[in-house]
Number of protein chains: 2
Amino acid sequence: MSEGVVWPARSRLRPLGGDRVTIHDGFWADRLRTNRERTVPHGFAQLRRAGTLDNLRLAAGATGDYRASADSGGAVLPFLDSDVYKWLEAVGWELGTAPDAALWAAADEAIEVVAAAQRPDGYVNSFVQVLRDGEPYRDLAWGHELYCVGHLVQAGIAWHRALGDDRLLRIAVRAVDHAGAALGAGGKDGIDGHPGIEMALVELGRVCGEPRYLALAARMLDLRGHGLLGEGRFGPAYWQDHAPVREAPEVAGHSVRQLYLDCGAVDVAAEQDDEDLLAAVQRRWNDMVRTRRYLTGALGSRHRDEAFGDPYELPPDRAYAETCAAIASVMLAWRLLLSTGEPGYADDIERAMYNGVLSGLSRSGTEFFYVNPLHRRTRRTYESDGHGRRRPWQACACCPPNLMRLLSSWRQYLATGDETGIQLHQYATAAIRTDEVELSVRTGYPWDGRIDVEVVRSAAEPWTLSLRVPGWCRDARLSVAGEEPAQVATGYVHRTRAWQPGDQVTLDLALAVRRTEPDPRVDAVRGCVAFERGPIVYCVESVDLPAGFDVEDVRWDPDREAVAVPRPDLGDEVVGIDVPVEPARTAPLVPYYSWANRGAIGMRVWLPR
Amino acid sequence: MSEGVVWPARSRLRPLGGDRVTIHDGFWADRLRTNRERTVPHGFAQLRRAGTLDNLRLAAGATGDYRASADSGGAVLPFLDSDVYKWLEAVGWELGTAPDAALWAAADEAIEVVAAAQRPDGYVNSFVQVLRDGEPYRDLAWGHELYCVGHLVQAGIAWHRALGDDRLLRIAVRAVDHAGAALGAGGKDGIDGHPGIEMALVELGRVCGEPRYLALAARMLDLRGHGLLGEGRFGPAYWQDHAPVREAPEVAGHSVRQLYLDCGAVDVAAEQDDEDLLAAVQRRWNDMVRTRRYLTGALGSRHRDEAFGDPYELPPDRAYAETCAAIASVMLAWRLLLSTGEPGYADDIERAMYNGVLSGLSRSGTEFFYVNPLHRRTRRTYESDGHGRRRPWQACACCPPNLMRLLSSWRQYLATGDETGIQLHQYATAAIRTDEVELSVRTGYPWDGRIDVEVVRSAAEPWTLSLRVPGWCRDARLSVAGEEPAQVATGYVHRTRAWQPGDQVTLDLALAVRRTEPDPRVDAVRGCVAFERGPIVYCVESVDLPAGFDVEDVRWDPDREAVAVPRPDLGDEVVGIDVPVEPARTAPLVPYYSWANRGAIGMRVWLPR
């Protein structure tokens, strides 16, 4: 039993498993505690309040009204079951960390509802069972039936791997087998308008050792890109049906769909040793990072179809930057990291997590952004997008439980192993164990750049400790077991020796304030600069400016220096940046992820000169 | 019988009526001929092809499938009847200009279909009669029932005023009386989610001399802004229900809805001598022009809800800039011009017509843009918005027949009268008549700035000829009856005398190439410049650049001069601008309205330095 969201049979790097990592203290410990104690319980209350659980009860035979209306315009959302599954996945990882009687009871209630809703033939989808005629897979383009099954599978795997509790897994297997009978080889050619089931199928195959699940995932990948889904409202690229998965040169369409699809592609590639498929995903990823990613790691510049825009179409104010897209990028970068061992993917995870992902969650842990712009004007007319204030839940509530399950499994992303040793990718005060080795990491990261690693237990033979030096770092020094600190380059620094208990390794990452110029092809921020320090992107909020001086008035003064300053008002050890602006003022910048926690008026990341 | 889209009982300026103006030659004559000979007949063919006429036949009792699905996502558009009405309005104005047997026959067919669809109680709406249960006014927020009635009324008025044919007007009166019985004073408090009926009701009151129509319009204005429509998908500002019409300080929400609403407000204000209501609209207009209008006169920067953005949120690439919004701005500016006599409103009409309106129509007259961006990248992934190529019709086909009816009535916008004389607002080679006066205007405008006005017939008493000197003009000279040319200021230049037949007036507007700097608060085009000449906004198209030199590569060189050059390839007398760009090249700019007629790859209006 290994607690992992992804557990490839073969890969360049191997997950350690969440049960091998304990985050004790510091930045992430605070956030994981909030997630466990506030966010996840809040999620259950909201699933009850919104009717999401009751919808499944209706499918099980209860009477009442189905509740899925996004608004008075009458759009009915077919995918709300997935919110229950994502929440259950989060609870699975949480209960794997430590018991919690209330969470167990809530999860039991939800699992029983799902079990009762499942038909004898294995099919379970409250929308089709209650609001439609019960005939499965009739609207694969928009119906999200397989997407929901995918999340059910992921929840089942979490409970299986973290707790050895297979109630959900059995439900999931029956649901998958129902889909496989209809859509597997020899059945109807069908793919879901919203990818997601592909990666779930691969993982289910890993759990069950059943080749048919991998085959179904591979079949769905192969079927995509040939027009099966039709033109739809936004053209076939919206759901990545415009070009085969192996051929599409660039990310396109709905951001979350593209990234979930590519997660499944990496998973299939890993199981089938398919270098071409892996290369296609890497090509898309690299192009995306270069041409379509916001500084915050956010993705998707179009509201209309929740889509990537054209290359360098990165408006800060109208950024869509869905929280789920940043989360999906972490999921995909993790798979690419495992498959390739390349440090850039860990850098990408770091950028997304500290900025575009965390901005989706309030400091309280109970309010959520769906959209994460990089600029919000002080003078506004109205809030049709709801950005500016986080909300306790959303009619389309995909992001909140997605945040929960990512944070509940975040410890899994810190370290990996391979035949040479252990790799540390993300830094937190934590204990990291393998069968033979135990490491104790202490750090004030991301506010302080010093990371102390102590070898608590070790194998007798020499092995290699690898530490990631982030790509943003211009001055990194490593000292090992009392040696003089040596300057090290970005990427992984490797040290091989016969480690002894008590050996100390210190990595010191200089956290200078960095001024970032945009790519000149990004029209929307021409003539602007942004400020970063370590992995943190900063912004100015109007709440920190004197009256009558709006974020629109801020003009960076290049003749004076920006300096890091303590911001204890924003949390323990938090560092802000005071930026000189004209005329003769200072704009106090705060971490982007922390914005809109003290009232939300104006905010901007990119500052005009 | 006076051919006018708007005919206030009292106003600062009086429409002359379309029957008093004949455009003979030049820029507008070409476009009006294309509209009459190509666009309007094409519209009828498309209404047949798309099923829009057949939907009304279904309401009349025919059998078949209702056709209103915008896409395979299943969104069903409830407002397609209005496309028939807008087309009929265009035909009414066209037949008032000159007979055309084919147009008459097509219109007869459409009128008979509408007449057959109307229920004995007066109600007519194919969507509600065929796809819903026939119960009227149950979904005022999204159903567009009153919006459709408004367009039916406008069509009826066009046929009444242009032709004395009252078949449509009788249908419209019965439909309005049905709505009035349900929603008038003492009835249900109800307003339409899409304004439009208000201005139609006022005009119907003017035609029929029935105060109850004005009262119903005023009632609907008063009811708006108090939350009757609910939150909707985009918040109450989307349909201007967030603040009372007399109080809302700024335009907000869906651009076309706001502008149509304010048209109705000006009309009610004109009939009721309501200075406060007029002032509220003027305040919104002036703020809109200053903070939310694109250089092309286009309006609406958000795709998601077809909305005005925040102030200075004017991205050129993601401009929504719906053709209908530019058209609506012409309708509203015309009403404000009649009410106030202020020349700025005529300037606004000119900017919209030559740029943001005309860009919606192909040179062929049979293809249409819904969205009119000011920048289209050379490298793009996919065309989810369809911008880049005009289409023969659209699933949501509001813009094509809106263009038709505007062009068919465009002659009405050229001149007005008042107790002092005649005012010329827009310039074209045309004959302009009143009971006592006839003027002959000759001009090569907008390519040539000289406008010759000859008095053909005149009253015996002195009267005042007023000519608009556009706000963009930095050197204008006027000579009257052989006098020395005198420099004149922008705004209206007035000349009062006892005009004699044969008197010549020449207005000479210098058409220098102008370099336009954006407002520094428009983040999206910081550091860019645009080029204009006369009323024309220019753009660079990739089709005019050498291979390997994309519109993204264009950098304006301030050290060399931009010069006007003939572009006969784009039409008679068309003038382009050659702009120096780095390194040592020239970018040949073309009129913005003409883009995407020679293949559409890249285009941009704002050029980086």
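Reading the values: the criteria
- Residues numbered from 1 in each chain as written.
- Chains lettered and ligands numbered in written order.
- Predicted model: local features only at pLDDT ≥ 70, side-chain atom pairs only at ≥ 80, totals over all residues.
- Heavy atoms only, no water.
- UniProt positions renumbered as here; feature names shortened; annotations may be inferred.
- Helix = DSSP H or I, 4+ residues; strand = E, 2+ residues; numbered from the N terminus.
- Salt bridge = Lys/Arg side-chain N within 4 Å of Asp/Glu carboxyl O.
- Buried < 20%, exposed > 50% of the residue type's maximum accessible area, 1.4 Å probe, protein only.
- Contact = heavy atoms within 4.5 Å.
- Polar contact = N/O pair within 3.5 Å; in protein donor to acceptor, adjacent residues only side chain to side chain.
- Nonpolar A, V, L, I, M, F, W, Y, C, P; charged D, E, K, R; others polar.
- 1 Å grid on protein atoms, 1.4 Å probe; cavity = no way out; pocket = protein on both sides within 12 Å on 5 of 7 lines; lining within 4 Å.
- Points joined across faces, edges and corners; volume = space filled by probe spheres on them.
- Expected span 1.5 Å × (residues − 1).
- Phe/Tyr/Trp six-rings, centres within 6.5 Å; stacked < 30°, edge-to-face > 60°.
- Lys NZ or Arg CZ within 6 Å of the ring centre and 35° of its normal.
- Pairing = 2+ DSSP bridges.
- Axes fitted to C-alpha atoms, helices over the stretch in contact; angles between N-to-C directions.
- Domains from an automatic or database assignment.
- Buried area = accessible area lost by both parts, 1.4 Å probe.
- Least-squares fit on C-alpha atoms with pLDDT ≥ 70 in both.
- Patch = residues over 30% accessible without salt bridge, like charges linked within 9 Å, V, L, I, M, F, W, Y side chains within 5 Å.
- Areas by Shrake-Rupley, 256 points an atom, 1.4 Å probe, with all protein chains shown as cover.
- Lys, Arg positive; Asp, Glu negative; His and termini not counted.
- Charge placed at Lys NZ, Arg CZ, Asp CG, Glu CD.
- Parallel < 35°, antiparallel > 145°, perpendicular 65-115°, else oblique.
- Left-handed = near helix turned anticlockwise from the far one by under 90°.

Per an unreviewed UniProt entry, the recorded name for chain A is Glycoside hydrolase family 127 protein, and the organism is Asanoa ishikariensis.

Caption draft 1: Local environment of the UniProt feature "domain: Non-reducing end beta-L-arabinofuranosidase-like GH127 middle" (unreviewed entry) in chain A. The UniProt record annotates "domain: Non-reducing end beta-L-arabinofuranosidase-like GH127 middle" (unreviewed entry) at residues 422–510 of chain A. Split by type, residues 422–510 of chain A is 0% helix and 56% strand. Its first and last C-alpha atoms lie 23 Å apart.

Caption draft 2: Region of the structure containing the pattern of salt bridges. For the structure on display, the rule yields 111 salt bridges over all chains. In this structure, the salt-bridge partner of Arg206 of chain A is Asp267 of chain A, at a minimum N-O distance of 3.9 Å. On the criterion of sequence distance, the pair formed by Arg206 of chain A in helix H9 (residues 197–208) and Asp267 of chain A in helix H11 (residues 255–272) is long-range, its members being 61 residues apart. The burial state of Arg206 of chain A is the same as that of Asp267 of chain A; both residues are buried. In the salt-bridge network here, residues are joined through shared partners; they are Asp317, Arg318, Arg377 and Arg604 of chain A together with Arg302, Asp310, Glu313, Asp523 and Arg526 of chain B.

Caption draft 3: Just helix H2 (residues 52–59) of chain B, in detail. All names here are of chain B. In terms of burial, H2 is a largely internal element, 6 of the 8 residues being buried. In this fold, the buried residues of H2 make contact with helix H1 (26–49), helix H3 (81–97), helix H4 (101–117) and helix H5 (126–131). Gly61 sits one or two residues past H2 and shows a positive phi near 120 degrees.

Caption draft 4: Representation of the interface of chain A and chain B in the model. In this complex, chain A contributes 44 residues to the contact, which on the side of chain B involves 45 residues. Between chain A and chain B we count 7 salt bridges in total. For Asp523 of chain B, the salt bridge goes to Arg377 of chain A, with nearest N and O atoms at 3.3 Å. Linking chain A with chain B are 8 residue pairs in polar contact (both at pLDDT 80 or more), by the criterion used here. Each residue belonging to the side of chain A that touches chain B can be placed in one class, and the counts come to 14 nonpolar, 10 polar and 20 charged.

Caption draft 5: Looking closely at empty space enclosed by the protein. All names here are of chain A. Applying the stated rule across the entire model yields 16 cavities of 30 Å³ or more. Reported here for the largest cavity is a volume of approximately 130 Å³. Around the largest cavity, the lining comprises 13 residues; the ones closest to its centre are Val5, Glu89, Met331, Arg405 and Tyr413. For the lining of the largest cavity, the elements supplying multiple residues, two or more each, are helix H3 (81–97), helix H7 (145–163), helix H13 (323–340) and helix H15 (399–408). The biggest single contributor to the lining of the largest cavity is H13, with 3 residues.

Caption draft 6: Local environment of helix H11 (residues 275–291) of chain B. All names here are of chain B. Here H11 contains 17 residues, and its C-alpha end-to-end distance of 24 Å stays within 8% of the 24 Å for a straight helix at 1.5 Å per residue. Residues of H11 that are buried include every one of Leu277, Leu278, Ala280, Val281, Gln282, Arg284, Trp285, Asp287, Met288 and Thr291, and no others. Where the residues of H11 are buried, they touch helix H9 (211–223), helix H10 (255–272), helix H12 (323–340) and helix H13 (343–357). One side-chain oxygen at the N-terminal end of H11 lies 3.3 Å from the backbone nitrogen of Asp276; it belongs to Asp274.

Caption draft 7: Summary view of the packing of aromatic side chains. Evaluation of the coordinates by the stated rule reveals 50 aromatic pairs over all chains. Each ring, one from Phe27 of chain A and one from Tyr354 of chain A, has its centre 5.2 Å from the other, and the planes form 45 degrees; the classification is tilted. On the criterion of sequence distance, the pair formed by Phe27 of chain A in helix H1 (residues 26–50) and Tyr354 of chain A in helix H14 (residues 343–357) is long-range, its members being 327 residues apart. Per residue, the accessibility class of Phe27 of chain A equals that of Tyr354 of chain A, and both read buried. Between Tyr427 of chain A and Tyr445 of chain A, the ring centres sit 5.8 Å apart and the planes meet at 80 degrees, which makes this aromatic pair edge-to-face. In this pair, Tyr427 of chain A sits in the loop between strand E5 (421–424) and strand E6 (429–433) while Tyr445 of chain A sits in the loop between strand E7 (438–443) and strand E8 (450–457), placing the two residues 18 residues apart along the sequence. Across the pair, exposure class does not vary: Tyr427 of chain A and Tyr445 of chain A are buried alike. Each residue in the set Phe27, Trp28, Trp334, Tyr354, Trp410, Tyr413, Tyr427, Tyr445, Trp447 and Tyr593 of chain A is aromatic and connected to the rest through ring pairs, giving one cluster. Over the ring of Phe27 of chain B we find Arg31 of chain B, and its NZ or CZ is 3.9 Å from the ring centre. Above the face of the Phe549 of chain B ring, Arg585 of chain B is positioned so that its terminal group lies 4.2 Å from the ring centre.

Caption draft 8: Representation of the sheet that holds E8 of chain A within the structure. Residues and elements named next belong to chain A. The 7 strands lie next to each other as E2-E6-E7-E8-E13-E10-E11, forming an open sheet whose pairing is antiparallel. Because the sheet does not close on itself, it has two edges, and the strands there are strand E2 (21–25) and strand E11 (486–488). Between one strand axis and the next, the sheet turns by 20 degrees as a mean value, whatever way the strands run. When strand E10 (residues 476–480) meets E11, the two strands line up antiparallel, connected through 3 bridges. Looking across to E11, one finds that Arg477 is bridged to Gln487.

Caption draft 9: Main features of the domain arrangement of chain A. Residue and element names in this part refer to chain A. Each assigned domain of chain A is listed here: domain 1 (14–269 + 386–413), domain 2 (416–509) and domain 3 (513–608). On the side of domain 3, 12 residues touch domain 2, which itself brings 5 residues to the contact. The contact between domain 2 and domain 3 buries some 720 Å² in all, and 66% of this surface belongs to carbon and sulfur atoms. Summed over the shared surface of domain 2 and domain 3, the number is 0 salt bridges. Where domain 2 packs against domain 3, one counts 1 residue pair in polar contact (both at pLDDT 80 or more). The residue inventory of the side of domain 2 that touches domain 3, partitioned by class, reads 4 nonpolar, no polar and 1 charged.

Caption draft 10: Looking closely at the side chain of Thr366 of chain A. All names here are of chain A. Checked against the element boundaries, Thr366 lands in the loop between H14 and strand E3 (375–376). A polar atom in the side chain of Thr366 sits 3.0 Å from the side chain of Ser364. Beyond its immediate sequence surroundings of up to four residues, Thr366 is in contact with Arg38, His42, Arg391 and Pro392.

Caption draft 11: Examining the pairing of E7 of chain A more closely. Residues and elements named next belong to chain A. Here E7 shows one buried face, formed by Leu439, Val441 and Thr443, and one open face, formed by Glu438, Ser440 and Arg442. From the end of E6 to the start of E7, which pair antiparallel, there are 4 residues. In terms of strand pairing, E7 meets E8 through 6 bridges, oriented antiparallel. Each bridged residue has a counterpart across the sheet, and for Ser440 the counterpart in E8 is Glu454. Following E7, the chain reverses through 6 residues before pairing antiparallel with E8.

Caption draft 12: Layout of the relation of the copies chain A and chain B. When chain A is fitted to chain B, the best match, at an RMSD of 0.0 Å, comes from turning it 180 degrees and sliding it 0.1 Å along the axis. With respect to symmetry, the two chain copies, as superposed, fit the operation of a two-fold axis. When the interface residues of chain A are mapped onto chain B, 100% of them again fall at the interface, so both copies present the same face.

Caption draft 13: Representation of a negative patch on the surface. Where like charges cluster on the molecular surface, the negative patch consists of Asp448, Asp508, Asp572 and Glu573 of chain A. With respect to the helices, strands and loops of the structure, Glu573 of chain A is situated in the loop between strand E18 (563–566) and strand E19 (575–582).

Caption draft 14: Focus on the packing of H3 of chain A against helix H4 (residues 101–117) of chain A. Residues and elements named next belong to chain A. One way to put it is that H3 packs onto H4 with a least axis distance of 10 Å and a crossing angle of 140 degrees. When the axes of H3 and H4 are compared, the pair comes out oblique. In terms of crossing hand, the pair formed by H3 and H4 is left-handed. Of H4, the residues touching H3 (which contributes Val84, Tyr85, Trp87, Leu88, Val91, Glu94 and Leu95) are Leu103, Trp104, Ala106, Ala107, Ala110, Ile111 and Val114. Here the contact of H3 with H4 is composed, by residue class, of 13 nonpolar, no polar and 1 charged.

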